[in-house]
Protein chains: 2
Amino acid sequence: MNYRTLHTDRVHYGWDLAIEPAMRAEPGESIRFQIIDASGGQITAESDVSVFEGYDSGRVNPVTGPVHVEGAEPGDALRVTIESFEPSGWGWTALIPGFGLLADQFPDPLLHISRYDSDFIDFVDGVRVPVRPFPGTLGVAPAAAGRHSVIPPRRVGGNMDVRDIVRGAVVTLPVEVPGALFSIGDTHAAQGDGEVCGTAVESPIGVSLRLDLIKDAAPPTPTILAPPTARLAPTGPTFITTGIADDLMTAARDATRHMIDHITDEYGLPPELAYCLCSIAADLRISELVDAPNWVVTMHLPTGIFT
Amino acid sequence: MNYRTLHTDRVHYGWDLAIEPAMRAEPGESIRFQIIDASGGQITAESDVSVFEGYDSGRVNPVTGPVHVEGAEPGDALRVTIESFEPSGWGWTALIPGFGLLADQFPDPLLHISRYDSDFIDFVDGVRVPVRPFPGTLGVAPAAAGRHSVIPPRRVGGNMDVRDIVRGAVVTLPVEVPGALFSIGDTHAAQGDGEVCGTAVESPIGVSLRLDLIKDAAPPTPTILAPPTARLAPTGPTFITTGIADDLMTAARDATRHMIDHITDEYGLPPELAYCLCSIAADLRISELVDAPNWVVTMHLPTGIFT
């Protein structure tokens, strides 16, 4: 197809309805987005951890856009169909001080570069993680005036990091401003549910998608229709740790700590890389949140990634 | 195999190291447990909602046991291998006032009886949920003296409702008292991650399992090694709702409310049955909990259950 392309010179930082549209599109049009990685290009395939000296957090998580969709009005639904990806073949995973679920236990920065082909990410020797590209961030401009940080996800989408937004997925976003003002970024080559260390396999990946408009059909928050292929069938047993606590966040932290210990003990990875591996390949699920006063959060690690 | 059987006359209510063992077993022995449903037999396949008038909450969630495992000492790991199930073919799902994730929005009791064969639960006309039996509750006695409610899960396991504990799964529990004192109950014919309405397809199901002892190998909380078959491959797209909030519990509630609305709008189920369906067939996952200040909890509904 002959897509129009939005290049990476049209990135912006933060959501703001006052940002001039980078493109105007008709409903039903497919568009190709160039996506810069979540460091805004500060990290390259040749970077090492020294990149975090003088790291400019103001350039973090850029999104490409916004696209003004003709006829979109507050209360409409913007339907985004993910058509294809153009992966770059490299990505980074980092521990950034002060950021991530266990930031208190991992105070030092780490940068880990991975290469990947169409099927697998070579994380470290003996660990191959299936490639599952998706955009961590996609959304529309909020109605409230002013600049809103791109880091937290919002009612209108944004940095949701829902790893089911794979090729063929359909994301439905609630439009809050005329033209919707759709943007996308933060592409990941793989991520587990939770993205526990705060980063996935952060990778520049081109995204082609179609934008459709459904009048007066805004969902309360985004929904996703994911194809059966969104979750790979496990090729081996799944190892599961539990966190059992009267607070879901504590339970999630416990399940993650237990998994890091397991990976360290069983496979010999240093704790920092085990933590990164949890972030890119293991899934946080809520097993129960009704048996008061204690809830169970589980972390699920597919053992097939260990070769 | 010639298993010894623990019958349902050996149920107990609550965890207590002072409860006399119902059986003494050698490590490596397989045992067959008769399991009474989570109402303690108060609900039958012929019951209706009037059963909750005069419902005895003291008889809720009985467990069969305890089994004293010879040689088990505090600090050991008790390894439980689930060998097979004997399903009864019927189960119940209920809204019990004051119980469940959305108890405030569903104040009235409801009882729903389902029949199932070896493959599917006939939930209502047009909704068939795959059968995936597992024990909601299994654990060992805590070290602290006295009677501990069986409702909340604990460090030693108990009412964890981890739906991956299917046939072939291996659960590793931390032993806290001599003999471990293992018990099991609360069998479910199917459940989603979260068990949001507080009940699954509660069903009397016999469980055969093997108990092994690993010295000095207690995990901090239970772990599970689940076979690749624990999660069924979806037969159709998965519909996903989001909850986006600065608190995981609020996000989980929002994702669940949005899914109930979706099921009601799309498939015409009354909200009460939609809520029950979320509990038995939809999964709560934590998509991200690092993009401060907002976290994303997603609920995943396999659309293949709608026939």
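Residues numbered from 1 in each chain as written. Chains lettered and ligands numbered in written order. Predicted model: local features only at pLDDT ≥ 70, side-chain atom pairs only at ≥ 80, totals over all residues. Heavy atoms only, no water.

A.B. asks: Help me get a handle on the relation of the copies chain B and chain A, residues and values and all.
C.D. replies: Put simply, the two copies of the chain differ by a rotation about an axis and a shift along that axis. Screw-axis analysis of chain B against chain A gives a translation of 0.0 Å along the axis, an RMSD of 0.0 Å, and a rotation angle of 180 degrees. On this basis, the relationship between the two copies can be described by a two-fold rotation axis. Relative to the rotation axis, the closest C-alpha in chain B is found at Arg-285 of chain B, a distance of 2.1 Å. When the interface residues of chain B are mapped onto chain A, 100% of them again lie at the interface, so the same face is used by both copies. (Least-squares fit on C-alpha atoms with pLDDT ≥ 70 in both. Contact = heavy atoms within 4.5 Å.)

A.B. asks: Which residues make up the nonpolar core, and what values go with them?
C.D. replies: The biggest cluster of nonpolar side chains holds 168 residues, and the ones touching the most others in it are Leu-78, Phe-182 and Leu-277 of chain A together with Phe-182, Leu-277 and Leu-289 of chain B. In this structure Leu-289 of chain B touches Leu-101, Gly-194, Val-196, Met-249, Ala-252 and Leu-284 of chain A together with Leu-248 and Trp-295 of chain B, once residues within four positions along its chain are discounted. Core analysis: the next-biggest nonpolar cluster, separate from the first, contains 11 residues, Ala-38, Ala-45, Trp-90 and Ala-94 of chain B among them. (Core = buried A, V, L, I, M, F, W, Y, C linked by side-chain atoms within 4.5 Å. Buried < 20%, exposed > 50% of the residue type's maximum accessible area, 1.4 Å probe, protein only.)

A.B. asks: A description of the pattern of salt bridges should follow, citing residues and the corresponding values.
C.D. replies: Using the criterion set out here, one finds 32 salt bridges over all chains in the structure. Salt-bridge contacts for Glu-29 of chain B lead to Arg-4 of chain B; the nearest nitrogen and oxygen are separated by 2.8 Å. Here Glu-29 of chain B is found in the loop between β3 (23–25) and β4 (30–33), whereas its partner Arg-4 of chain B is found in strand β1 (residues 4–6), with 25 residues between them in sequence. Overall, the relative accessible area of 37% leaves Arg-4 of chain B in the partly exposed class. As a salt-bridge pair, Asp-164 of chain B and Arg-231 of chain B come within 2.9 Å of each other at their nearest N and O atoms. One end of the pair, Asp-164 of chain B, is in the loop between β12 (157–158) and β13 (170–174); the other, Arg-231 of chain B, is in the loop between β16 (223–226) and β17 (238–245), and 67 residues separate them in sequence. Assigned by exposure class, Asp-164 of chain B and Arg-231 of chain B land together as buried. Via salt bridges that share partners, Arg-163, Asp-164, Asp-193, Arg-231 and Asp-283 of chain A together with Arg-285 of chain B belong to a single interconnected network. (Salt bridge = Lys/Arg side-chain N within 4 Å of Asp/Glu carboxyl O. Helix = DSSP H or I, 4+ residues; strand = E, 2+ residues; numbered from the N terminus.)

A.B. asks: Describe a negative patch on the surface, naming the residues involved and giving the relevant values.
C.D. replies: Together, Asp-117, Asp-119, Asp-122 and Asp-125 of chain A line one region of the surface with negative charge. In this structure, Asp-119 of chain A sits in the loop between β8 (110–116) and β9 (120–124). (Patch = residues over 30% accessible without salt bridge, like charges linked within 9 Å, V, L, I, M, F, W, Y side chains within 5 Å. Areas by Shrake-Rupley, 256 points an atom, 1.4 Å probe, with all protein chains shown as cover. Lys, Arg positive; Asp, Glu negative; His and termini not counted. Charge placed at Lys NZ, Arg CZ, Asp CG, Glu CD.)

A.B. asks: Would you mind going over the interface of chain B and chain A in detail, with residue names and values included?
C.D. replies: Each partner contributes to the interface: chain B provides 57 residues, whereas chain A provides 59 residues. Between chain B and chain A, roughly 4700 Å² of surface is buried when both sides are summed, and carbon and sulfur atoms account for 66% of that area. Applying the counting criterion to the chain B and chain A interface returns two salt bridges. In this structure, the salt-bridge partner of Arg-285 of chain A is Asp-193 of chain B, at a minimum N-O distance of 4.0 Å. Linking chain B to chain A there are 22 residue pairs in polar contact (both at pLDDT 80 or more). (Buried area = accessible area lost by both parts, 1.4 Å probe. Polar contact = N/O pair within 3.5 Å; in protein donor to acceptor, adjacent residues only side chain to side chain.)

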